[in-house]
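Residue-level structure breakdown
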Amino acid sequence: MTQHRSELLMPAGNLRKLKMAVLYGADAVYLGTPDMSLRTKSEFSLEDVIEGVEFCHEHGRRAYLTLNLFSHNKDIPKLDEYIETVRKVKPDGLIISDPGVFQYVRERAPEIPLHVSTQANIASWLTTQFWQSQGADLVVLAREVSFPELEEIREKCPDIKLEAFVHGAMCMTYSGRCLLSNFMAERGANQGNCANSCRWNYKFHMRLKDGTVQELIVDEDNLHMFEFLLEEGVRPGEFLPIQEDERGSYILNSKDLCLMPKLDDYLRIGVDSLKVEGRGKSEYYAAVVARAYRMAIDDYYADPENWNAADYMEELGTVGNRGYTLAFHKGRLTNLAHGYEQTQAIAQWEYAGVVTEVTEDAFHVEVKNKLEPGDVIEIVSPVARNTILLRGYEYEVAATGEKKEVIHGSTKTIIRLPFALFEHEDLEDLRTNFPPYTVLRKERALTEEQWARLQLDKTALAMEVKDSTGETAYKRRRDKLVEAIEADANTKRFKTNRKGTEGCCGKGCNGCLIFWQDDMYAKAREVLLERKQGAMLTKAEAAEFKLPAAE
């Protein structure tokens, strides 16, 4: 009997993102065109959509088109033309939210599998059964559905496919039913044009009894006098802190959904499709998030008893995020699901470039962010578990052969990375496992405020996962973040002790003039050279060898 396997469904904001998601492990992608989907910023032309669907089918993957607008009268005349276009494209399913549009398509194109969008707010087995009776092949459950509710829906609705979000940005309203963006920016959130008004910074003002309004100025002279708290009506005594500074306050800033720590639960009960949000995110996001979940899913099916989320969480940590949360997994949100102090999406790695061509003796790479002397670059394979580290000192422009110390990402420069730089790698492995569309990332220097935010995020997620009520570590790290915000220092540092061409991360990067030559790393070199290609020192070993990176 064939084992039931959940599909990994990735977003595709344009053709390149689609291809990278597929190459990095997506079983399926969802995409749309501007006129008829809830992503009015879609970068797909009709030709791109056709090519994208064909690319998916050539690689044995599925492609779903979005028709999840809420229709106005002006949209209805376009539907017949859209249906004919869909027949030409031949997707594996059509995602719809509007009941009228659902009925219209089902009657005129009964051969097209229909999926009901999360915008339809399906949060119960009763609603699921309703859509099944209407002819839906799959329903996308609302983000507000808890895991116990999902288990019950699965039990009572065994004959319809279920899809659940497992990763991505969270909307502060009920599955996107928001008018804040319309009011603040005249941009329709329910038409795929959200301005993210909930994440803007807001300031407190006072209205005096004479009717005048004044801004409440909070500065270093009076900061000690104020502590801003919210108390929600049905949670008396539970005060939610608001940090107000010269940049404002963030009271509606949800963290990003990440159910990786509980992914085994979803795989165990047989959720048919595991959905990642982010058609507007970068191609680096599409590649790395797909890679992390692909590895996690495959490893679960290979050995469910010993599955552990830790390694995959480390990979997800290399993608910019607002802090991760389990959101509604356990039933209701807590204060740990929100970021009150800062709204920035950050990570200690950033997109460095993408392989455009692999020649007989080199990678050609389009640079995406500034490369400088001493940068630690990691090449992330779409087909193999191992990654490769390279420390760059200068960069060769592919077109001219000119060598430069600095390459700016905005120039879209193609550089050449000769295989000769990878003296500790197998050449055949380089050619086989790092094809075009392979992404490169680089270590990113962060401010003390950003490092403090990352530490607070990890603590908060750990508390959610363990259902911990211990506030000591959380309070300590939150206080540290507040202090860093108040200090407002722009000095940046890497996680390890390196700076430019000085210092060493101790990981044995190809080309590192310190690790492979300095006597301090002699013992580390002996250990690494005896190991399988691509293996790294553990933190414990680095500490044993008294390497600076471990301190």
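Residues numbered from 1 in each chain as written. Predicted model: local features only at pLDDT ≥ 70, side-chain atom pairs only at ≥ 80, totals over all residues. Heavy atoms only, no water.

When helices and strands are counted, the protein chain shows 15 helices and 24 strands. Within the protein chain, buried positions represent 53% of all 551 residues. Counted over contacts in the protein chain with a minimum sequence separation of 6, partners at least 24 positions apart contribute 69%. (Helix = DSSP H or I, 4+ residues; strand = E, 2+ residues; numbered from the N terminus. Buried < 20%, exposed > 50% of the residue type's maximum accessible area, 1.4 Å probe, protein only. Contact = heavy atoms within 4.5 Å.)

Attention shifts here to the sheet that holds strand E17 (residues 376-380). Read from one edge of the open sheet, eight strands run E18-E17-E22-E15-E16-E21-E19-E20, paired in antiparallel fashion. Looking at strand neighbours, the two that pair on one side only are strand E18 (387-391) and strand E20 (403-404), the edges of this open sheet. Inspection of the sheet shows strand E15 (residues 349-358) paired to strand E16 (residues 362-367) by five bridges, in the antiparallel sense. Across the sheet, the residue bridging to Val 354 is Glu 366, located in E16. (Pairing = 2+ DSSP bridges.)

What follows is about the environment of Asp 272. Position of Asp 272 relative to the elements: it lies in the loop between helix H8 (263-269) and strand E13 (273-276). Among residues more than four places away in sequence, those in contact with Asp 272 are His 4, Arg 5, Ser 6, Glu 7, Arg 154, Ile 160, Lys 161 and Leu 162. A polar contact of 3.1 Å, which involves the side chain of Asp 272, links it to the side chain of His 4. (Polar contact = N/O pair within 3.5 Å; in protein donor to acceptor, adjacent residues only side chain to side chain.)

The subject of this paragraph is the pairing of strand E2 (residues 28-31). Burial of E2 is two-sided: the residues Ala 28 and Tyr 30 facing one way and the residues Val 29 and Leu 31 facing the other way are all buried. Pairing of strand E1 (residues 7-11) with E2, which is carried by three bridges, proceeds in the parallel orientation. Each residue of the ladder has a partner; that of Met 10, found in E2, is Val 29. In this structure, E2 lies alongside strand E3 (residues 62-67), joined through four bridges in parallel fashion. Within E3, the position partnered with Ala 28 by the bridge is Arg 62.

Looking now at the packing of helix H3 (residues 79-89) against helix H4 (residues 99-108). For the pair H3 and H4, the least separation of the axes is 11 Å and the interaxial angle reads 55°. If you check the angle between H3 and H4, you find them oblique. Our pair here, H3 against H4, has a crossing hand that is right-handed. Seen from H3, the contacting residues are Leu 79, Asp 80, Ile 83 and Arg 87; seen from H4, they are Val 101, Tyr 104, Val 105 and Arg 108. (Axes fitted to C-alpha atoms, helices over the stretch in contact; angles between N-to-C directions. Parallel < 35°, antiparallel > 145°, perpendicular 65-115°, else oblique. Left-handed = near helix turned anticlockwise from the far one by under 90°.)

A few words now on the pattern of salt bridges. Applying the stated criterion across every chain yields a total of 38 salt bridges. The salt bridge partner of Glu 394 is Lys 403, with a shortest N-O separation of 3.9 Å. On the basis of relative accessible area, Glu 394 is assigned to the partly exposed category, the value being 44%. For Lys 403, a relative accessible area of 53% gives the class exposed. One salt bridge in this structure joins Lys 507 and Glu 443, with 3.6 Å as the shortest N-O distance. Taken as a pair, Lys 507 in the loop between strand E24 (492-493) and helix H14 (522-529) and Glu 443 in strand E22 (residues 439-443) lie far apart in primary sequence, 64 residues in all. Judged by its relative accessible area of 27%, Lys 507 is partly exposed. Linked through salt bridges whose partners overlap, the residues forming this network are Arg 5, Asp 27, Arg 294 and Asp 298. (Salt bridge = Lys/Arg side-chain N within 4 Å of Asp/Glu carboxyl O.)

Moving on to the environment of Glu 360. Note on placement: Glu 360 falls in the loop between E15 and E16. The exposure class of Glu 360 is exposed, given its relative accessible area of 61%. Put simply, Glu 360 and Leu 427 are 67 residues apart on the chain and 9.8 Å apart in space, counted from C-alpha to C-alpha.

Take helix H5 (residues 125-133) next. Two or three places before Leu 126, at the start of H5, stands the capping residue Ser 124, its side-chain oxygen 3.4 Å from that residue's backbone nitrogen. With its phi angle positive at about 105°, Gly 135 sits one or two positions after the end of H5.

Judged by nonpolar contacts, the single largest core of 115 residues is most densely connected at Val 29, Leu 94, Met 260 and Leu 263. No other element matches helix H9 (residues 283-302), which puts 14 residues into this core. Formed by 20 residues, the second largest nonpolar core is a distinct cluster that contains Ala 352, Ile 388, Leu 417 and Leu 440. (Core = buried A, V, L, I, M, F, W, Y, C linked by side-chain atoms within 4.5 Å.)

Take unusual backbone geometry next. A positive phi angle, near 60°, is found at Lys 90, a position not held by glycine. Locating Lys 90 in the fold gives a position in the loop between H3 and strand E4 (93-96). One non-glycine residue, Asn 121, lies in the positive phi region at around 60°. In this fold, Asn 121 is placed in the loop between strand E5 (114-116) and H5. Accessibility expressed as a relative area gives 16% for Asn 121, which makes it buried.

For the rest of this paragraph, the subject is H3. Residues of H3 that are buried: Leu 79, Tyr 82, Ile 83, Val 86 and Val 89. The buried residues of H3 all sit within an arc of 120° when viewed along its axis, so they share a single face. Facing away from the buried side of H3 by over 90 degrees, the exposed positions are Glu 81 and Lys 88. Where H3 is buried, its residues touch helix H2 (46-58), E3, E4 and H4. Phi for Lys 90, located one or two positions after H3, is positive at around 60°. (Arc of directions from axis to C-beta.)

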